[in-house]
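Spelled out, the chains give:
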Amino acid sequence: MKVYDFPTGPYPTRVRIALAEKSLQSRVEFVMVDLYKGEHKTPEFIAGKNYSGTLPVLELDDGTCIAECTAITEYLDALDGDPILTGRTPREKGVIHMMNKRAELELLDAISLYFHHGTPGLGPNVESYQNAEWGLRQRDKALLGMHYFDSVLKQRPFVAGETFSMADIAVIGGLIFAAIVKLPVPGECGALQAWYARMLQRQSVKNQPAFAALSTVSA
């Protein structure tokens, strides 16, 4: 399998964490696609790998390409018949998918829109249209999302319940993106901060290139 990837990107990091949770890294070849050069927006990439022009993309040995983090995680989680990230029972699946979608809508995607519209984003050679007002609205939405997940994590140890799942991975991706755009978790969101501190100690999470890149920027 191949993963078309930008190693420090929040969305590719979601798939990298899933691969690590499933111990599948050795079965994957990572192919670098430079977001800042717009390589994900070329006609060749859009036609051959992902119509949406986004990363990551999983390419199977038969040439099938699977885009979107949730779809890729579903595929990877099902390979060994032991779905530890996407749920085993109908109830688990329903709750995990609900919370994963909320993590995307209320946090991760909102921060992405803020990045692309309310900051320089990927730069003038890639960002063909920007709406600063929309970007700032999305920043505020992301802050509300942080408060929401704080309230969730006051009630349970993980985003979707009692076990780590792809919903947790999506929130981790959101907080990586928040650090990139310098949008700190509000100080009153203590449960979210404590949960994130725990997640950063998880083996599948702490060795990701995104965190090394953030440390370099902070230094």
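Here the structure is a predicted model, which is why all the values come from computation and not from measurement. (Residues numbered from 1 in each chain as written. Predicted model: local features only at pLDDT ≥ 70, side-chain atom pairs only at ≥ 80, totals over all residues. Heavy atoms only, no water.)

Concerning the environment of L79
Now for step 1: Within the fold, L79 resides in the loop between α3 (69-78) and α4 (90-118).
Now for step 2: Between the C-alpha atoms of L79 and A179, which are 100 residues apart in sequence, the distance is 33 Å.
Now for step 3: Contact partners of L79, with chain neighbours within four places excluded, come to M1, L24 and R27. (Helix = DSSP H or I, 4+ residues; strand = E, 2+ residues; numbered from the N terminus. Contact = heavy atoms within 4.5 Å.)

Thoughts on the environment of V33
Now for step 1: Tracing the chain through its elements places V33 in the loop between β2 (29-32) and α2 (43-48).
Now for step 2: Judged by its relative accessible area of 5%, V33 falls in the buried class.
Now for step 3: Each C-alpha atom of the pair V33 and N100 lies 25 Å from the other, and the pair is 67 residues apart in sequence.
Now for step 4: With residues near it in sequence (within four places) discarded, V33 still touches Y4, D5, F6, E39, H40, F45 and L55. (Buried < 20%, exposed > 50% of the residue type's maximum accessible area, 1.4 Å probe, protein only.)

Description of the pairing of strand β1 (residues 2-5)
Now for step 1: Judged from the 4 bridges that link them, β1 and β2 form a sheet pairing that is parallel. Bridge assignment links D5 to a residue of β2, and that residue is M32.
Now for step 2: The parallel pair β1 and β2, bridged by helix α1 (residues 10-21), forms a crossover whose chirality is right-handed.
Now for step 3: Bridge count for β1 against strand β3 (residues 57-59) is 3 bridges, and the pairing is antiparallel. Residue pairing across strands places K2 opposite E59, the latter belonging to β3. (Pairing = 2+ DSSP bridges. Right-handed = clockwise from strand over helix to strand, strands pointing away.)

Examining the side chain of S165
Now for step 1: Assignment of secondary structure puts S165 in the loop between α5 (132-153) and α6 (166-180).
Now for step 2: Apart from residues no more than four positions distant in its own chain, S165 is found in contact with L85, I96 and A160.

Things to note about the packing of aromatic side chains
Now for step 1: The final tally for this structure, using the stated rule, is 7 aromatic pairs.
Now for step 2: Aromatic side chains W195 and Y196 sit 6.2 Å apart centroid to centroid with 25 degrees between the ring planes, which places their arrangement in the stacked category.
Now for step 3: Classification of W195 by relative accessible area gives buried; the value is 1%.
Now for step 4: Within the aromatic cluster, the residues linked to one another by ring pairs are Y11, F115 and F177.
Now for step 5: In this arrangement the basic side chain of R16 is found over the ring face of F30, its NZ or CZ atom lying 4.1 Å from the centre.
Now for step 6: Over the face of the ring belonging to F164 we find R202, whose NZ or CZ atom lies 3.9 Å from the ring centre. (Phe/Tyr/Trp six-rings, centres within 6.5 Å; stacked < 30°, edge-to-face > 60°. Lys NZ or Arg CZ within 6 Å of the ring centre and 35° of its normal.)

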